[in-house]
Amino acid sequence: MMKALIETIAKALVDHPDEVRVQAVDKEKTIVYALSVHPDDMGKVIGKQGRIAKALRTVVTAAAVDTDKRVTVEIV
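Please read these numbers as outputs of a predicted model, since none were measured by experiment.

*Asks:* Outline helix 1 (residues 2-13), supporting the account with residue identities and numerical values.
*Replies:* The terminal C-alpha atoms of helix 1 lie 17 Å apart, and with 12 residues this matches the ideal 16 Å at 1.5 Å per residue to within 8%. Those residues of helix 1 that fall on the buried side of the exposure criterion are Met2, Ile6 and Ala10. Around the axis of helix 1, the buried residues are gathered within 60° of arc, so they sit on the same side. Of the residues in helix 1, the exposed ones pointing more than 90 degrees away from the buried face are Thr8 and Ala12. For helix 1, the secondary structure elements touched by its buried residues are strand 1 (21-26), strand 2 (30-36), helix 3 (51-63) and strand 3 (70-75).

Below you can see the structure in the form of structure tokens.
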């Protein structure tokens, strides 16, 4: 569910939606979602001064409130 949420948001932001990939890495108390996009779209996902990346992380954190693990998003 969280993976689909991140993919949907990222695909709406980029010019190459077919190259959006999200991988989940489950650690002990944290789930890390690694978001990768086409190199030309990196700036669109990060945004000016990281605002879009911060907003994406905020949405994911809010959506993960009912889980017992901490959820983070890394843009790679």
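Still more to cover.
*Asks:* Got a sec to walk through the pattern of salt bridges? Specific residues and values, please.
*Replies:* Scanning the model with the defined rule gives 2 salt bridges in all. With a closest N to O distance of 2.2 Å, Asp15 and Lys44 form a salt bridge. Placement of Asp15 in the loop between helix 1 and strand 1 and of Lys44 in helix 2 (residues 42-46) is noted, with a sequence separation of 29 residues between them. Classification of Lys44 as partly exposed rests on a relative accessible area of 33%. The residue Asp26 makes a salt bridge to Lys69 at a minimum N-O spacing of 2.7 Å. One end of the pair, Asp26, is in strand 1; the other, Lys69, is in the loop between helix 3 and strand 3, with 43 residues separating them in the sequence. Judged by relative accessible area, which is 55%, Asp26 ranks as exposed. For Lys69, a relative accessible area of 25% corresponds to the partly exposed category.

*Asks:* An account of helix 3 is requested, with residue identities and associated values reported.
*Replies:* Taking 1.5 Å per residue, 13 residues should reach 18 Å; helix 3 reaches 18 Å between its end C-alpha atoms and fits that length. For helix 3, the complete set of buried residues consists of Ala53, Leu56 and Val60. The arc that holds the buried residues of helix 3, viewed along the axis, is 60°, so those residues lie on one side. Exposed side chains of helix 3 directed beyond 90 degrees from the buried face belong to Arg51, Lys54 and Ala62.

Conventions adopted
Residues numbered from 1 in each chain as written. Predicted model: local features only at pLDDT ≥ 70, side-chain atom pairs only at ≥ 80, totals over all residues. Heavy atoms only, no water. Helix = DSSP H or I, 4+ residues; strand = E, 2+ residues; numbered from the N terminus. Expected span 1.5 Å × (residues − 1). Buried < 20%, exposed > 50% of the residue type's maximum accessible area, 1.4 Å probe, protein only. Arc of directions from axis to C-beta. Contact = heavy atoms within 4.5 Å. Salt bridge = Lys/Arg side-chain N within 4 Å of Asp/Glu carboxyl O.

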